[in-house]
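# A look at the structure
Below, each chain spelled out in residue letters.
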Amino acid sequence: MRLAAALLGVFLAPPAWADCPLDLGRGTGWVVFSDQYLMAFRPDPLRIEVGEPFALAVSVCTRRGGPAELLAVDANMPEHRHGMNYRAAIVAKGDGRFRAEGLLFHMPGRWEITFDVRAGDDSERLTHDIILK
Amino acid sequence: MIRLLLLLVSLLAAGAVGVRAQHLLDWSPEEIKAVGQHGPWPPPPARDPSNKVSDTAAGIALGEYLFNEPRLSGDGRMSCATCHQAGREWSDGLAKARGAVELDRRTPSLWNIGYLHWFGWDGAGDSLWAQSIRPLLDPREMNGGPTRAGELLRSDAALACGYERAFGNTPGTDDERLLVDTAKALAAFQATLVSPRTPFDDFRDALVAGDRESASRYPLAAQRGLKLFVGEANCSLCHLGPRFTSGEFGDIGIPFFVRPGEVDPGRHGGLVRLAASPFNLLGKYNDDASGNNTRRTRHVQRQHTNFGEFRVPGLRQVGRGGPYMHNGSLATLEDVIRHYSEVSPDRLHSDGIPLVRPLGLTAGQGADLVAFLRSLDAEPVARPSPAPLCP
């Protein structure tokens, strides 16, 4: 079954923060931001399918264009209060780029992806919702 | 005789009128999309990169012989086909499988098994071939011991020849390798077991194509049941896709006591066994050098909630099988629907919005769901007996 991942977040064009490596290539991706951080990510493969493993290519930096780190990625279904049965592993690719490998959504519905990011002593959890049909 | 014929003719006529009088319910674009996701059928042949003889003619041929081979068992009397019977939808019709002793779980059907990623009710196997090793060794099942497969492949001329055709060399002296290769041939054969197209598939294709006339041949009760299945009853949350399973695990409140004081831990125990198995995809017998097929095994995480979870069964040919559930505790499809209608919320271990809740179906709705499930059944094409391995 092919499933389109619906997007609830806001899409931003990156040019305003040219120093931030938000371009994930292929002109695709979702941007999540807070007061402190800017983050972009793209699933691989681009279409997330129920029951199929996928990875996330992630870029993160501070809003001032400084370096930041991705510590962990997880996901859960807030309505049903259960998480994934899989644990993602993070690989740093340098230049604020990371890859989270080994995610799998086992059910259609709303999934909240959480990204734990850090810059220096400051850390924060960013979230993004995806609805799998 | 003539009376009987007349009766038959009038029954057929009544049937024909029934068909003509039927029509199509209103299907919204969202519903059509949801129904469309349960097809198309059949899927392309299953290929397993961890198994070099998967989807090869010689591997499949050898596997079919081995599947029916009682000499693989300790007492020479039991084969895979003893429990997974072609005429019984590749199961045995029993509530609990009977090997050397009665087992704690039901024999699952092997239809469409090649498309799964986790095997066994508890997902203890991460490949079809790894799952096929267990019954060969398990003392409660075939009890073949670790060397029997190797001895048989070396000593039987036809099997040795079939082995050489499939694997490219004569059977060697490494018994563990030959046990794994036996399982890989068995897996190649089992992956060809694809269930036939059904009345549901004809309806699904017609609905998606906008062919109202063909679609209206699908009985109204089945249409109503299908609407419930993808809609209000939310069955397709877990029974999704063309095979009607996510391939993952769930807890629908089937009691998992095996004996007083003893429970079947389900997925929780399966993950322990998976990690301990020398035959899992992280081990040396995985034929896929890319490692792409190891992602599930590498990243799967045992959680407390896995306790009492069992794999979501596919629903094709379900009405021709039964009894139902991992322990065969429900005898009929009607019993299954009654379970979903009346399941006690106390049995469901969920803090949030429960995935399964007592649906409180009317008798009519229950009958409609059963009518829909039965439309996932069709008479399989009889298998020709296999050609000789090495004529």
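In case you missed it, the structure is sitting above this.
Criteria and cut-off values
Residues numbered from 1 in each chain as written. Chains lettered and ligands numbered in written order. Predicted model: local features only at pLDDT ≥ 70, side-chain atom pairs only at ≥ 80, totals over all residues. Heavy atoms only, no water. Helix = DSSP H or I, 4+ residues; strand = E, 2+ residues; numbered from the N terminus. Rg over C-alpha atoms; globule rule 2.2 N^0.38 Å. Contact = heavy atoms within 4.5 Å. Areas by Shrake-Rupley, 256 points an atom, 1.4 Å probe, with all protein chains shown as cover. Lys, Arg positive; Asp, Glu negative; His and termini not counted. Charge placed at Lys NZ, Arg CZ, Asp CG, Glu CD. Axes fitted to C-alpha atoms, helices over the stretch in contact; angles between N-to-C directions. Parallel < 35°, antiparallel > 145°, perpendicular 65-115°, else oblique. Nonpolar A, V, L, I, M, F, W, Y, C, P; charged D, E, K, R; others polar. Pairing = 2+ DSSP bridges.

To continue, consider the overall build of chain B. Secondary structure summary: chain B contains 15 helices and four strands in total. Here the C-alpha atoms of chain B give a radius of gyration of 23 Å, agreeing with the 21 Å that 2.2 N^0.38 yields for 391 residues. Along the longest, intermediate and shortest principal axes, the C-alpha atoms of chain B span 65 × 60 × 45 Å. Nonlocal contacts in chain B, meaning residues at least 24 apart in sequence, comprise 72% of its contacts between residues at least 6 apart. When the accessible surface of chain B is split by element, carbon and sulfur atoms take 57% of a total near 18,300 Å². Taking the average place of the 42 positive charges on the side chains of chain B and the average place of its 44 negative ones, the gap between the two points comes to 1 Å.

Residue and element names in this part refer to chain B. With their axes 5 Å apart at the nearest point, helix α6 (residues 148-155) and helix α7 (residues 157-167) run at an angle of 95° to one another. Between α6 and α7, the crossing angle belongs to the class labelled roughly perpendicular. Contacts from L152, L153 and S155 of α6 reach α7 at A157, L159, A160 and Y163. Classifying every residue of the contact of α6 with α7 gives six nonpolar, one polar and no charged.

Residue and element names in this part refer to chain A. Reading across the sheet, the five strands line up as β2-β3-β4-β8-β7 and stay open at both edges, with antiparallel pairing between neighbours. Two strands in the sheet have a free side with no partner beyond their single neighbour: β2 (30-33) and β7 (89-94). Each strand axis lies, on average, 25° off the axis of its neighbour in the sheet, ignoring direction. Two elements, β7 and strand β8 (residues 97-103), share five bridges in a ladder whose sense is antiparallel. Its bridge partner being in β8, A92 is matched across the sheet by F98.

These figures come from the coordinates and say nothing about function on their own.
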